[in-house]
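# Descriptive analysis of the structure
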Amino acid sequence: AQTVTQSQPEMSVQEAETVTLSCTYDTSESDYYLFWYKQPPSRQMILVIRQEAYKQQNATENRFSVNFQKAAKSFSLKISDSQLGDAAMYFCAYRSGLVGSNFGNEKLTFGTGTRLTIIP
Amino acid sequence: DAGVIQSPRHEVTEMGQEVTLRCKLISGHNSLFWYRQTMMRGLELLIYFNNNVPIDDSGMPEDRFSAKMPNASFSTLKIQPSEPRDSAVYFCASSFRDEKLFFGSGTQLSVL
C-alpha cells in the first residue's frame, strides 16, 4: 500500500516571503500522480497543483510550484510571495496511475497535513 | 455546474440515532468517494464507487456504516446506530476517470 508522509505539522512564514512544505511518499509503482490540496478554515478542499510522475518538469501554478524528486520519492510545495489568504492546512496526496479500469486505483491517499500560518 | 453538493452541512444527533449523509455528484462524473476527517486520523477513505459499483469499502469502520449509490448522480452514507466516536467531518468527492477530484463542502457530524 502507498503511504504519504508530511513531517511538518505546522509551518509559519512572513507575508511576502517564500515557504516550502515537505512531502515524501512510498510506492512500488512507476506511474502515478501527486497532488497538493489546500483546506482553508472554510473546510473546502481546493486543488492547488498536480504532478504526473512521468513528467520530469516540475508543475507550476502561479505562485505555487513543486520540487518533484522521483528517485527520492519527494514532492515539496513552494509558495512564493506568501499572502494572508494562503493560510490553511495543506495536504499532499498520491494516486495510482492505473486508472480507467476497475482496478480500484482512483482513490487518493493523503498525508496528515501541514498547517501554514502567514505572519503579517 | 454547482459542484459536488453535500447535505446537511452540519448534523447534531444523539448517540444511537440513525444519521444519513447525502451527496450529489457533478454531472458526468463516474467515481464517487466518501472520506472522513478527524484530528487524530486525518483524511481516511471510507468507500468508493466506480460506475455505481462499490470498488473498495475496506475503510468502512464497521457494520454500522453503509453507503449506497441508488443512481449515477447520488449517494448516501448511513450510520446506524451512531456513536460519539463517529463525530467527524465527512467529505464526498467525485471525479471522471483520471481527471481531478472535486470535493463537496463536507458534513460536520457531532454525535452527543
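Residues numbered from 1 in each chain as written. Chains lettered and ligands numbered in written order. Predicted model: local features only at pLDDT ≥ 70, side-chain atom pairs only at ≥ 80, totals over all residues. Heavy atoms only, no water.

## Examining unusual backbone geometry
The amide bond that connects S7(B) to the next residue, P8(B), takes the cis arrangement and shows omega of -10 degrees. Residues Q80(B) and P81(B) are joined by a peptide bond in cis, for which omega reads -10 degrees. Summarising the element assignment, P81(B) is placed in the loop between β8 (74-79) and β9 (88-95). You will see that N62(A), though not glycine, has its phi angle at about 55 degrees, which is positive. As for its placement among the helices and strands, N62(A) is situated in the loop between β7 (60-61) and β8 (64-69). The phi dihedral of K73(A) falls on the positive side, at around 55 degrees, and the residue is not glycine. Mapped onto the elements of the fold, K73(A) is located in the loop between β8 and β9 (74-79). (Helix = DSSP H or I, 4+ residues; strand = E, 2+ residues; numbered from the N terminus.)

## Brief notes about the pairing of strand β12 (residues 114-119) of chain A
The two faces of a sheet get side chains in turn, since along a regular strand they alternate between them. Residues and elements named next belong to chain A. Here β12 shows a clear split, with T114, L116 and I118 buried on one side and none of R115, T117 and I119 buried on the other. Relative to β12, strand β2 (residues 10-14) runs parallel, the two sharing five bridges. Looking at the pairing, E10 lines up with R115 of β12. In terms of strand pairing, strand β10 (residues 88-96) meets β12 through three bridges, oriented antiparallel. Considered in β12, the bridge of Y90 is made with T114. (Buried < 20%, exposed > 50% of the residue type's maximum accessible area, 1.4 Å probe, protein only. Pairing = 2+ DSSP bridges.)

## Description of the interface of chain A and chain B
Facing the 20 residues of chain A at the interface are 25 residues of chain B. Both sides of the chain A and chain B interface together cover about 1900 Å² of buried area, and 50% of this is carbon and sulfur. Considering only the side of chain A, the residues that lose the most area to chain B are R43(A), E106(A) and K107(A), jointly responsible for 32% of the buried surface there. Our enumeration of links across chain A and chain B arrives at one salt bridge. Of all the secondary-structure elements, those providing two or more residues to the side of chain A that touches chain B are β5 (32-39), β6 (46-52) and β10 of chain A. (Contact = heavy atoms within 4.5 Å. Buried area = accessible area lost by both parts, 1.4 Å probe. Salt bridge = Lys/Arg side-chain N within 4 Å of Asp/Glu carboxyl O.)

## Concerning the packing of aromatic side chains
Residues and elements named next belong to chain B. In total, this model carries 15 aromatic pairs over all chains according to the counting rule given. Geometrically, the ring pair formed by F33 and Y35 is stacked, given 6.5 Å between the ring centres and 25 degrees between the ring planes. A centroid spacing of 6.0 Å and a plane angle of 45 degrees characterise the contact between Y35 and F103, whose relative ring orientation is tilted. Taken together, the residues Y35 in strand β4 (residues 31-38) and F103 in strand β10 (residues 102-103) connect sequence positions 68 residues apart. Note on Y35: relative accessible area 0%, which makes it buried. (Phe/Tyr/Trp six-rings, centres within 6.5 Å; stacked < 30°, edge-to-face > 60°.)

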